[in-house]
Each structure stands twice: as C-alpha cells, then as structure tokens.
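Fold and geometry: a report
Residue strings, one per chain:
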Amino acid sequence: MSNITIYHNPACGTSRNTLEMIRNSGVEPTVILYLETPPSREELLKLISDMGITVRDLLRKNVEPYEELGLAEDRFTDSQLVEFMLQSPILINRPIVVTPLGTRLCRPSEMVLDILPEQQKGSFIKEDGEKVVDESGHRVK
C-alpha cells in the first residue's frame with residue numbers, strides 16, 4: 001500500500017503530469033478518481049485544512065456548475081461551498097496529493113516535487129514539452 005494518494009482526473013493534463021512525477025519518484029500512489037468516488041464531507045474538510053487553504057481556494061472556477069450556481073458571488077458560506085463540491089465533484093480543483101510530507105493542491109503540477117519523500121529517478125518533461133526535472137533527477141527551475 002502506498003503512502004501517497006492523488007485525487008486524480010485522468011482527463012486533466014495537470015493531473016496526468018502530477019501522477020507521472022509521483023511515479024517518476026519510484027512510487028505507485030493510491031489513485032482516487034474523485035469524480036467517480038468523491039471524498040466525504042469529513043475527508044474534504046480535512047484535505048482543505050491540511051492544505052492550509054480556504055474552501056473557496058479549492059473551488060474550480062472554469063466549469064459550468066460554477067457559473068450556473070453563481071459561485072463567484074460572495075454570498076455562500078464555506079459549508080454551502082463544500083456542499084456544492086460534494087454534489088458536483090467537478091467543482092473540486094485538482095490534483096490534490098497527500099504524502100507524509102504534506103498535502104497540496106498541485107497547480108502547477110511540479111508543486112508535487114515539494115512534498116514527495118523520494119527524489120525523481122530521471123528526467124521528466126510535461127505533456128506540453130516543458131522540462132521539469134533533468135537527467136540526474138534534479139528540478140530544472
């Protein structure tokens with residue numbers, strides 16, 4: 001069993017890049033397809049707390065439910081925003097990665113490097129061609 005978990009959406013390039021950087025560290029993480037298996041209210045609140053962000057910071061803004069529900073307006077409580085995310089998991093920004101070194105919303109994907117316990121095993125180039133890790137496993141930027 002892995003000590004790293006990723007809340008993953010395989011349709012998202014950022015999420016795919018993050019997952020591959022975890023694998024490039026020699027670890028096969030627990031992958032939670034959060035659109036199919038959303039976190040419980042308690043799990044979601046713990047993730048938000050562990051990331052040290054606000055509920056609103058976790059809201060994904062460029063999806064239809066965000067506009068449809070008027071979530072840009074500052075009239076909703078944190079509890080209401082969490083409820084919207086639980087009802088429409090597409091509103092949860094991703095990927096979220098949990099490791100022994102911390103929990104992070106990995107946007108951009110290379111933010112995962114800050115919380116991986118193991119170094120990269122080789123070079124890594126993101127899907128868009130951006131080199132993130134060199135041949136010796138060191139971060140380029």
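Look above for the structure.
Let me begin by describing the structure that accompanies this report. Because the structure is predicted, anything quoted here is derived from the model rather than measured.

Definitions and cut-offs
Residues numbered from 1 in each chain as written. Predicted model: local features only at pLDDT ≥ 70, side-chain atom pairs only at ≥ 80, totals over all residues. Heavy atoms only, no water. Salt bridge = Lys/Arg side-chain N within 4 Å of Asp/Glu carboxyl O. Helix = DSSP H or I, 4+ residues; strand = E, 2+ residues; numbered from the N terminus. Buried < 20%, exposed > 50% of the residue type's maximum accessible area, 1.4 Å probe, protein only. Axes fitted to C-alpha atoms, helices over the stretch in contact; angles between N-to-C directions. Left-handed = near helix turned anticlockwise from the far one by under 90°. Contact = heavy atoms within 4.5 Å.

1. With respect to the pattern of salt bridges
By the definition in use, this model includes eleven salt bridges. Between Arg23 and Glu28 there is a salt bridge, with the nearest N and O atoms lying 2.9 Å from each other. Between Asp50 and Lys46 there is a salt bridge; the shortest N-O distance is 2.7 Å. Here Asp50 pairs with Lys46, and both are found in helix α2 (residues 41-51), just four residues apart, close to one helical turn. Asp50 sits in the partly exposed class, given a relative accessible area of 39%. Each member of the salt-bridge network shares a partner with another, and the members are Glu20, Arg23 and Glu28.

2. Thoughts on the packing of α2 against helix α5 (residues 78-87)
Two numbers describe how α2 lies on α5: the axes approach to 11 Å, and their chain directions differ by 120°. Viewed along their axes, α2 and α5 form a crossing whose handedness is right-handed. Together, Arg41, Leu44 and Leu45 of α2 and Ser79, Val82, Glu83, Met85 and Leu86 of α5 make up the contact between the two elements.

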